[in-house]
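# Summary of structural features
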Amino acid sequence: MRDISLIIRRVWKSAFMFTALSVLIVSATQAQDVVEGRKIFKDKCASCHQLDRNSTGPALTPKLTELDEAFAIKWIRNWKSLVDAGDKTAIEAAKFSPAEMTTFPTLTDEQIKSVIAYAKAGEPKKEAAAGAAVAAGSDEVSSFSIAGVALIIIISIVVLVVLGRAVKMLERLILKKQGVEVVEEEPVSFADGTRKMFKNKKFVFFFILCLIVTLGSFGWMGMWDTGVHTGYQPVQPIKFSHELHAGVNQIDCQYCHSGAFKSKNASIPSVNVCMNCHKSVQATEKYNGEISPEIQKIYTAIGYDPNTLTYDKSKEKPVEWVRVHNLPDFAYFNHSQHVVVGEEAIRKERGLKPNEPVCFACHGPVDTMEEIYQFSPLTMKWCINCHKDAEVSGKDNAFYTKVIEAHEKIKKGEKITPALLGGLECGKCHY
């Protein structure tokens with residue numbers, strides 16, 4: 001009798017351990033796929049696609065959920081070959097946008113599957129005021145894996161309780177068949193049962209282990225996300241729509257942010273730049289002949305009276321814009337270095353189309369943003385990964401021509417001065 005009980009216990013324990021390990025392995029694999037897929041998506045797809053809404057390309061989550069995975073893999077790798085082969089689904093999909101999608105012949109099936117897994121899993125939106133990180137990719141701890149750990153713990157406890165009762169029931173049945181009188185146990189209250197459980201050393205050990213794993217996971221996730229503000233979208237004093245200005249009206253980024261191409265800072269445009277258009281553009285057709293409330297805020301800031309077309313400096317009040325992209329004080333970033341000298345390398349690394357501004361590489365598809373938000377994580381690792389992968393070309397590049405000249409002088413033993421190495425650039429000292 002006792003041998004049968006021991007066998008049953010061993011069997012269900014082995015089955016439980018096998019199930020738990022299988023779930024852990026599957027969960028970890030899926031979580032890793034989602035993380036890898038997110039990184040590939042941010043690097044190669046985010047300039048044209050968003051998960052939950054149409055952009056240059058269609059929203060990926062509903063589209064990839066709808067498509068067959070085998071077809072999706074072929075489409076992502078080389079959609080042109082499918083269209084050339086006369087595939088009806090591919091021909092229909094190609095009609096979505098006049099802009100041609102980039103082909104990715106170097107991506108493996110597993111890499112494409114990870115992108116599909118990420119698109120299907122989706123990415124939780126963060127509250128604008130909280131400014132917490134989205135899973136960005138890249139390298140943040142996936143909320144999916146945390147939820148998986150919690151689910152495994154709950155399932156484990158339920159399985160332990162159910163199997164424990166099943167073993168006791170089987171023991172009583174076997175004893176009854178053997179003619180042994182079995183004394184039925186009196187019902188135990190929930191409180192008594194809980195106290196009894198916590199007197200069991202094995203259960204206490206398992207409970208404490210699960211608690212440590214859970215708290216450690218949430219603690220690690222919290223520390224990992226500290227200082228990362230992906231998705232940060234503060235409320236601005238004027239509801240300026242980048243989608244309307246940069247998208248619908250096709251206004252070049254440099255028209256407002258001229259500093260991005262010639263200085264360290266992109267610069268916030270003065271209200272005078274806004275007035276170049278809005279002195280006449282007032283959107284009165286949308287407000288029953290009245291000036292748009294948001295345009296009126298511009299007039300108020302500059303002390304402009306649209307009726308008399310005069311300015312009153314005593315009524316001027318600067319617009320208090322809220323900064324969205326904010327690097328730590330110890331981090332030096334030069335916009336002109338990236339968008340002028342590094343433009344070619346950035347375009348190639350991020351897979352931007354010729355008609356897309358280089359700004360999209362870091363700021364995302366600004367032309368589709370009703371309100372601007374922080375698109376990229378802007379973490380040190382995110383920058384380092386780009387610096388590792390971007391290919392710098394010295395061809396027709398005045399900056400690297402000077403560097404090569406300096407190296408040639410060093411080889412010849414000639415005098416080298418800081419000025420020759422860029423020591424006279426203002427940004428070296430003044431930033």
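- The protein chain is annotated in an unreviewed UniProt entry as C-type cytochrome from Pedobacter hiemivivus.

## Some words on the overall build of the protein chain
- If you tally the helices and strands in the protein chain, you get 17 helices and two strands.
- The proportion of buried residues among the 431 residues of the protein chain is 30%.
- When contacts within the protein chain are restricted to residue pairs at least 6 apart in sequence, those whose partners lie at least 24 apart make up 64%.
- Split by element, the accessible area of the protein chain, about 28200 Å² in all, is 61% carbon and sulfur.

## Observations regarding helix 16 (residues 380-389)
- Taken together, the buried positions of helix 16 are Trp382, Asn385 and Cys386. One side of helix 16 carries all its buried residues, which in axial view fall inside an arc of 100°. Among the exposed residues of helix 16, those oriented more than 90 degrees off its buried face are Met380, His387 and Lys388.

## Looking at the packing of helix 11 (residues 271-278) against helix 12 (residues 293-302)
- At their nearest, the axes of helix 11 and helix 12 sit 10 Å apart, and the two run at 130° to each other. Considering the angle they form, helix 11 stands oblique to helix 12. Here the hand of the crossing between helix 11 and helix 12 comes out left-handed. Each of Val271, Asn272, Cys274, Met275 and His278 in helix 11 lies in contact with helix 12, whose residues at this interface are Ile295, Ile298, Tyr299, Ala301 and Ile302.

## Description of the packing of aromatic side chains
- Taken as a whole and judged by the stated rule, the model has eight aromatic pairs.
- Plain terms: the ring middles of Phe41 and Tyr118 are 5.4 Å apart, the flat faces sit at 50° to each other, and that makes the pair tilted. With Phe41 in helix 1 (residues 2-45) and Tyr118 in helix 5 (residues 109-121), this residue pair connects regions lying 77 residues apart in the sequence. Taken individually, Phe41 and Tyr118 each receive the classification buried, so the pair is uniform in this respect.
- With centroids separated by 5.3 Å and ring planes inclined at 80°, the aromatic side chains of Phe198 and Phe207 adopt a geometry described as edge-to-face.
- Chaining the aromatic ring pairs together yields one cluster made of Phe71, Trp75 and Trp79.

## Observations regarding the pattern of salt bridges
- With the rule as written, the count across this model stands at seven salt bridges.
- Its salt-bridge partner being Asp109, residue Arg77 comes within 2.5 Å of it at the nearest N-O pair. Taken together, the positions of Arg77 in helix 3 (residues 69-84) and Asp109 in helix 5 put the pair 32 residues apart, joining distant regions of the chain.
- A relative accessible area of 38% places Asp109 in the partly exposed class.

Conventions used here
- Residues numbered from 1 in each chain as written.
- Predicted model: local features only at pLDDT ≥ 70, side-chain atom pairs only at ≥ 80, totals over all residues.
- Heavy atoms only, no water.
- Helix = DSSP H or I, 4+ residues; strand = E, 2+ residues; numbered from the N terminus.
- Buried < 20%, exposed > 50% of the residue type's maximum accessible area, 1.4 Å probe, protein only.
- Contact = heavy atoms within 4.5 Å.
- Areas by Shrake-Rupley, 256 points an atom, 1.4 Å probe, with all protein chains shown as cover.
- Arc of directions from axis to C-beta.
- Axes fitted to C-alpha atoms, helices over the stretch in contact; angles between N-to-C directions.
- Parallel < 35°, antiparallel > 145°, perpendicular 65-115°, else oblique.
- Left-handed = near helix turned anticlockwise from the far one by under 90°.
- Phe/Tyr/Trp six-rings, centres within 6.5 Å; stacked < 30°, edge-to-face > 60°.
- Salt bridge = Lys/Arg side-chain N within 4 Å of Asp/Glu carboxyl O.

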